[in-house]
Structures are given as C-alpha cells and as structure tokens.
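Commentary on secondary and tertiary structure
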Amino acid sequence: LEKSRRQKKIEELILTKERVDLWYKLRDDDISVVAGALARSTTLTVLNLGGHGYRIGDAEVKLIADALRSNTSCKLRELNLNMNSIGPNGTKFLAEALRHSNCKLKELYLYRNNIDVASAEAFADMLRYDNRTLTGLNLLKNPDVPFALRRKIERLAEINSESINCTAVEVGRKKRKEYGPTLDVIYSFVRSKPYLLSA
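Residues numbered from 1 in each chain as written. Predicted model: local features only at pLDDT ≥ 70, side-chain atom pairs only at ≥ 80, totals over all residues. Heavy atoms only, no water.

1. Here's the deal with the nonpolar core
- Formed by 49 residues in total, the largest nonpolar core has its most connected members in L49 and F123.
- Not counting residues within four places of it along the chain, the set of residues in contact with F123 comprises T91, L94, A95, L98, L108, L110, L137, L139 and I153. (Core = buried A, V, L, I, M, F, W, Y, C linked by side-chain atoms within 4.5 Å. Buried < 20%, exposed > 50% of the residue type's maximum accessible area, 1.4 Å probe, protein only. Contact = heavy atoms within 4.5 Å.)

And the structure:
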C-alpha cells in the first residue's frame, strides 16, 4: 500500500533524526511504517512510542522487536513504550530482541502495560545470562509483576551500568553471585502465593 504523507514524514524522521517523539501520534496503520524505518535507521538514538493504548500491543511490538534484531547498524539506545497494551507475548519478543547482539538498548520504558510474572521472568533471564547493555528497565504500574520481582529485575539492569568496564564473563559472575539463587527463590515464592499478583 502507498504510504500517506504523514507516514512518509514519520519514516523520514526515523531515518534522519537522532531523537523522535511520537507520543500519542500514531494511527492504527502506522506501526509497520515505524518498524520498517527502524530496521533501516543508522542515526536514531531515542524513540518515544508511548501513550497509544490498544494501538501498540503484542503484534505491533513484534514488528519493533524484529527491527531491533535485524538492523546491524542500529544505534537506538532509548525506547519508550509506556502506556500501551503490551502483554506476555510482546514482552517475550522484546526480551528475545535484547538477547541479540544487534540490539544495544540502554533504556527501555514499559510503564503501565499488561506484563505478567512469566514474561517478567523472561526479562530476568535475559538480563542474568545474555545482556550487558541494558542499564534501565521501567516496569512500574504493571500490577501483575510483584514489587520484589520488579526490583530484582531493575537491580540486574543496574549491574550492567556498574559493570561497564568489565568483561562479559565478569558481569555474568557478578549477576549470578548476587541474584542467581535469589531470583529462583522469588519465582517459586510468587508462584506459590497467587494473591501477591495484585500487590
């Protein structure tokens, strides 16, 4: 389908600018244009896609995640997906993208989405074993993710920040030493106490 004038402008911004703010500015058919441009971008460092509610859910996030994985020259370091409708599957798509060497995000914002415990675990596993670039992960106002689990995930991201000059092996050892057993205990505890999911 031919792109509208607005979509061509969105594409141009993503392909030429370092920072693009599309907060509450997208329509239903725009996200594929965003993802297509993101897959080719070599300059963009900050992208705000927050505030779109139902317009950005799991299917739309898969397009974004695929773009982050496929772009070998991607310079995106900050991605805002606050106040959308990203659920368990979308969260796992993002976690898989963050495992890939092409994706070098430092800050990811997922405030007020539909993330659950199982998909939060995908972030925890990704941070424990595969990622050493993400230094900030906002999961606030996702009521199905208990505070203790969210705080441990945030701490794993903070370790990346503290370990900037360490080797990947050293970072992995620090994460496993500090939170390997603890996270396993938290997961088991949360699963055994369903009422905590509303905390």
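2. Let's talk about the pattern of salt bridges
- Evaluated as defined, the whole model comprises 13 salt bridges.
- Put simply, R99 and D130 hold a salt bridge, and the shortest N to O gap is 2.0 Å. Note that R99 is positioned in helix 4 (residues 88-99) and D130 in the loop between helix 5 (117-129) and strand 5 (136-138), a separation of 31 residues in sequence.
- A relative accessible area of 41% means that D130 is categorised as partly exposed.
- Between E158 and R155 there is a salt bridge, with its nearest N and O atoms 3.5 Å apart. Of this pair, E158 and R155 both sit in helix 6 (residues 147-162), separated by 3 residues, roughly a single helical turn.
- For E158, a relative accessible area of 30% corresponds to the partly exposed category.
- The structure contains a network of salt bridges with shared partners spanning R150, R151, E154, R155, E158 and E162. (Salt bridge = Lys/Arg side-chain N within 4 Å of Asp/Glu carboxyl O. Helix = DSSP H or I, 4+ residues; strand = E, 2+ residues; numbered from the N terminus.)

3. Looking at the sheet that holds strand 4 (residues 107-109)
- What the 5 strands build is an open sheet, ordered 1-2-3-4-5; its pairing is parallel. Each edge of the open sheet carries a strand with a single partner, namely strand 1 (19-21) and strand 5. Each neighbouring strand pair of the sheet contributes to a mean axis angle of 0 degrees, computed without reference to strand direction. (Pairing = 2+ DSSP bridges. Axes fitted to C-alpha atoms, helices over the stretch in contact; angles between N-to-C directions.)

4. Section: helix 1 (residues 5-16)
- Compared with the 16 Å implied by 1.5 Å per residue over 12 residues, the 16 Å span of helix 1 between its first and last C-alpha is a close match.
- Along its buried surface, helix 1 packs onto strand 1 and helix 2 (31-38). (Expected span 1.5 Å × (residues − 1).)

5. Let's talk about the environment of D29
- You can see D29 is positioned in the loop between strand 1 and helix 2.
- Separated by 26 residues in sequence, D29 and R55 place their C-alpha atoms 8.9 Å apart.
- The contact partners of D29, leaving out residues within four places of it in the chain, are R6 and Q7.

6. As for the packing of helix 2 against helix 3 (residues 58-70)
- It is at 8 Å that the axes of helix 2 and helix 3 come closest, and there the two elements cross at 10 degrees. Our classification of the angle between helix 2 and helix 3 gives roughly parallel. Mapping the contact onto sequence places I31, S32, V34, A35 and L38 in helix 2 and E60, L63, I64, A67 and L68 in helix 3.
- A breakdown of the residues in the contact of helix 2 with helix 3 according to their chemical character gives 8 nonpolar, 1 polar and 1 charged. (Parallel < 35°, antiparallel > 145°, perpendicular 65-115°, else oblique. Nonpolar A, V, L, I, M, F, W, Y, C, P; charged D, E, K, R; others polar.)

7. Overview of the packing of helix 4 against helix 5
- Between helix 4 and helix 5, the shortest axis-to-axis distance is 8 Å and the interhelical angle comes to 5 degrees. Classified by the interaxial angle, the pair formed by helix 4 and helix 5 is roughly parallel. Between helix 4, through P88, T91, K92, L94, A95, L98 and R99, and helix 5, the contact on the second element is made entirely by A118, S119, A122, F123, D125 and M126.
- Broken down by class, the residue content of the contact of helix 4 with helix 5 amounts to 8 nonpolar, 2 polar and 3 charged.

8. A word on helix 3
- The terminal C-alpha atoms of helix 3, which comprises 13 residues, lie 18 Å apart, in line with the 18 Å expected from a rise of 1.5 Å per residue.
- The set of residues buried in helix 3 consists of V61, I64, A65, A67 and L68. Taken end-on, helix 3 shows its buried residues confined to a sector of 155 degrees, consistent with a single buried face.
- The secondary structure elements touched by the buried residues of helix 3 are helix 2, strand 3 (78-80) and helix 4. (Arc of directions from axis to C-beta.)

9. Description of the side chain of N71
- Tracing the backbone through its elements, the reader meets N71 in the loop between helix 3 and strand 3.
- By relative accessible area, N71 is classed as buried at 4%.
- Within the local environment of N71, its side chain forms a polar contact with the backbone oxygen of L38, the two atoms lying 2.9 Å apart.
- In contact with N71, not counting residues within four places along its chain, are L38, A39, R40, S41 and N102. (Polar contact = N/O pair within 3.5 Å; in protein donor to acceptor, adjacent residues only side chain to side chain.)

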